[in-house]
Amino acid sequence: MASYIARRIFQMLVSLFIVATLIFFLFRLMPGDPTAAMVDPSIPLEARQQLIAQYGLDQSLWVQYKVFLSDLVKLDFGNSFYYKRSVTDILGDKLAATLILMFAAMIFAYGFGIFGGAWMAWRRGSFLESTAITMALVFRSAPTFWVGIIFIYFFSVRLGWFPSSGMRSPGEEVNNMFQLFFSWDFVKHLILPAIVASLLFLATPLLIMRNTMLEVLGEDFIEMARAKGLKERVILYRHAARNALLPVVTAGALFVGSAIGGQVLLEYVFSWPGLGQEIVLSAQRHDYPLAQGSFIIMAAMVMVMNLVADILYAYLDPRISY
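Conventions used here
Residues numbered from 1 in each chain as written. Predicted model: local features only at pLDDT ≥ 70, side-chain atom pairs only at ≥ 80, totals over all residues. Heavy atoms only, no water. UniProt positions renumbered as here; feature names shortened; annotations may be inferred. Helix = DSSP H or I, 4+ residues; strand = E, 2+ residues; numbered from the N terminus. Phe/Tyr/Trp six-rings, centres within 6.5 Å; stacked < 30°, edge-to-face > 60°. Buried < 20%, exposed > 50% of the residue type's maximum accessible area, 1.4 Å probe, protein only. Axes fitted to C-alpha atoms, helices over the stretch in contact; angles between N-to-C directions. Parallel < 35°, antiparallel > 145°, perpendicular 65-115°, else oblique. Left-handed = near helix turned anticlockwise from the far one by under 90°. Contact = heavy atoms within 4.5 Å. Nonpolar A, V, L, I, M, F, W, Y, C, P; charged D, E, K, R; others polar.

Concerning the UniProt feature "transmembrane region" (unreviewed entry) in the chain
On the UniProt side, "transmembrane region" (unreviewed entry) is annotated at positions that read residues 12–30, 95–120, 132–155, 190–208, 244–266 and 295–316 here. Secondary structure over residues 12–30 splits into 95% helix and 0% strand, and the C-alpha atoms at its two ends are 27 Å apart. Across residues 190–208, the secondary structure splits into 95% helix and 0% strand, with the terminal C-alpha atoms separated by 27 Å.

Here it is, written out as structure tokens:
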């Protein structure tokens, strides 16, 4: 197992190098002037040239690429053209906000989806099963921004239960990250967007678990368990559900990587200051360092979660060997 993990980490680093190279050259091939976001057109030409040289944009593409790789090895993404701050600091704040939102949505979606999918397979053909499938597909098909607006209207405007936007109330002061993310005011702002996101993701684990459970329930070891006189609940969750978890684990691991940058509309509707919204803005502004750092982090997250999925496969299915 250790040699397999080491081999996979090496493959991951090679893949990350290829992705970083593609990202670097793709952004340089984009039409538009990257200096427009950081240089005021009204300033003198000498000052403009001095600022461009400060960011290394006057160098050849090959020189910029070597500097980019050198900084990447040191996990230094440079300074944002637009914010004039370190990309690492900017992405740290944005990534933390996005990860908290997505993990909260994932816990609800996959927690309910796994147990709900197993129960639906057990009660196949019932009215409740049909209703649950229909509702899951409705929320999966409905536009995220539309569901978000509906929830804001009912739960924020009409009922006043939750705030409609942002991560904290106006006037609420925080001195550090702990006070920001571990406060009741933050939790109140998190609940509504997390529920909307989880309703979007719910159909995937729910239906995968249900379909896999239907196959597992026809296996011989389930009949053997029934013949032994085990309780239905024990057969369902201890014997059948564990063997049906493999596809759900794979989908869950890949979900984390894709969810980081995939909820742009949700973050926009709830004014959630996360990474997805920042990726779009940085690409529009030709903010190379910030856009490159965002995409590289997304690629790294997807690769890491693929590795986690492979390791979990070995744990859940003893027949798999490396």
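A few points about the packing of aromatic side chains
A complete count under the given rule lists 14 aromatic pairs for this structure. Taking the centre distance of 5.3 Å and the plane angle of 50° together, the rings of Phe-24 and Tyr-65 count as tilted. Residue Phe-24 is found in helix 1 (residues 2–29), and its partner Tyr-65 is found in helix 3 (residues 61–73); the two are separated by 41 residues along the sequence. The residues Phe-24 and Tyr-65 share a single accessibility class, namely buried. Of the aromatic side chains, those joined through ring pairs into one cluster are Phe-24, Phe-25, Trp-62, Tyr-65 and Phe-68.

Overview of unusual backbone geometry
At Leu-75, a position not held by glycine, the phi torsion is positive, near 55°. Inspection of the secondary structure assignment puts Leu-75 in the loop between helix 3 and helix 4 (87–122). Positive phi values are uncommon outside glycine, yet Ser-271 reaches one of about 50°. Relative to the helices and strands, Ser-271 resides in the loop between helix 13 (264–269) and helix 14 (275–284).

What to know about the packing of helix 4 against helix 8 (residues 184–201)
It is at 8 Å that the axes of helix 4 and helix 8 come closest, and there the two elements cross at 55°. Here helix 8 runs oblique to helix 4, going by the angle between their axes. Like other packed secondary-structure pairs, helix 4 and helix 8 cross with a definite hand, here right-handed. Across the interface between the two elements, Ile-100, Leu-101, Met-102, Ala-104, Ala-105, Phe-108 and Ala-109 from helix 4 touch Phe-186, Leu-190, Pro-193, Ala-194, Ala-197, Ser-198 and Phe-201 from helix 8. When the residues that make up the contact of helix 4 with helix 8 are grouped by side-chain class, the tally is 13 nonpolar, one polar and no charged.

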